[in-house]
Amino acid sequence: MGNVEVYVDRLIQEIKSGVVYRQYTVALENLNQNPELKQQVDELRRLNYQVQAESDARNLYDAIDDIESKIDKLSCVPEVTQFLEAELALCRQLQSVEVRLHQGINLNIPDLF
């Protein structure tokens, strides 16, 4: 195994031992105790991903309305709020790592916008 793989494994272990990841796993465990609620949250997450990946503007507004109604319904459940906040914090941490990698390695990619 090369140095890059070793350091990636170390980074993974550091992330897993951090507060953000521990909060995420606790929130996930709490949510998993209610399978029906977990299923509803997973559907919300799927819809959110689809909206972000959607290129068809005609369906975009309907999908956003659907997501907003599901969020309104689920946001009153503390386990859901705890999980979504923890998941967001973990995703932001991973995005920060990715941004730093891209900034540290010059791929010479032109501006796209």
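Our subject is the structure that appears above.
Draft legend 1. Representation of a negative patch on the surface within the structure. Together, Asp-62, Asp-65, Glu-68 and Asp-72 make up a negatively charged patch on the protein surface. Within the fold, Glu-68 resides in helix α4 (residues 57-74).

Draft legend 2. Geometry of helix α2 (residues 19-32). Along its 14 residues, α2 runs 20 Å from first to last C-alpha, staying within 8% of the 20 Å computed at 1.5 Å per residue. Looking at α2, one finds that the buried residues are Tyr-24, Ala-27 and Leu-31. What you see down the axis of α2 is that its buried residues fit within an arc of 70°, all on one side.

Draft legend 3. View of the pattern of salt bridges. If you walk through the whole model with that rule in mind, you get five salt bridges. The network of salt bridges with shared partners includes Lys-38, Asp-42, Arg-45 and Glu-87.

Draft legend 4. Highlighting the environment of Lys-38. Mapped onto the secondary structure, Lys-38 falls in helix α3 (residues 35-53). Expressed as a C-alpha distance, the spacing of Lys-38 and Phe-83, which sit 45 residues apart in the sequence, is 9.9 Å. In this structure, Lys-38 is in contact with Leu-28, Leu-31, Asn-32 and Arg-45, ignoring residues within four places of it in sequence.

Definitions and limits used
- Residues numbered from 1 in each chain as written.
- Predicted model: local features only at pLDDT ≥ 70, side-chain atom pairs only at ≥ 80, totals over all residues.
- Heavy atoms only, no water.
- Patch = residues over 30% accessible without salt bridge, like charges linked within 9 Å, V, L, I, M, F, W, Y side chains within 5 Å.
- Areas by Shrake-Rupley, 256 points an atom, 1.4 Å probe, with all protein chains shown as cover.
- Salt bridge = Lys/Arg side-chain N within 4 Å of Asp/Glu carboxyl O.
- Lys, Arg positive; Asp, Glu negative; His and termini not counted.
- Charge placed at Lys NZ, Arg CZ, Asp CG, Glu CD.
- Helix = DSSP H or I, 4+ residues; strand = E, 2+ residues; numbered from the N terminus.
- Expected span 1.5 Å × (residues − 1).
- Buried < 20%, exposed > 50% of the residue type's maximum accessible area, 1.4 Å probe, protein only.
- Arc of directions from axis to C-beta.
- Contact = heavy atoms within 4.5 Å.

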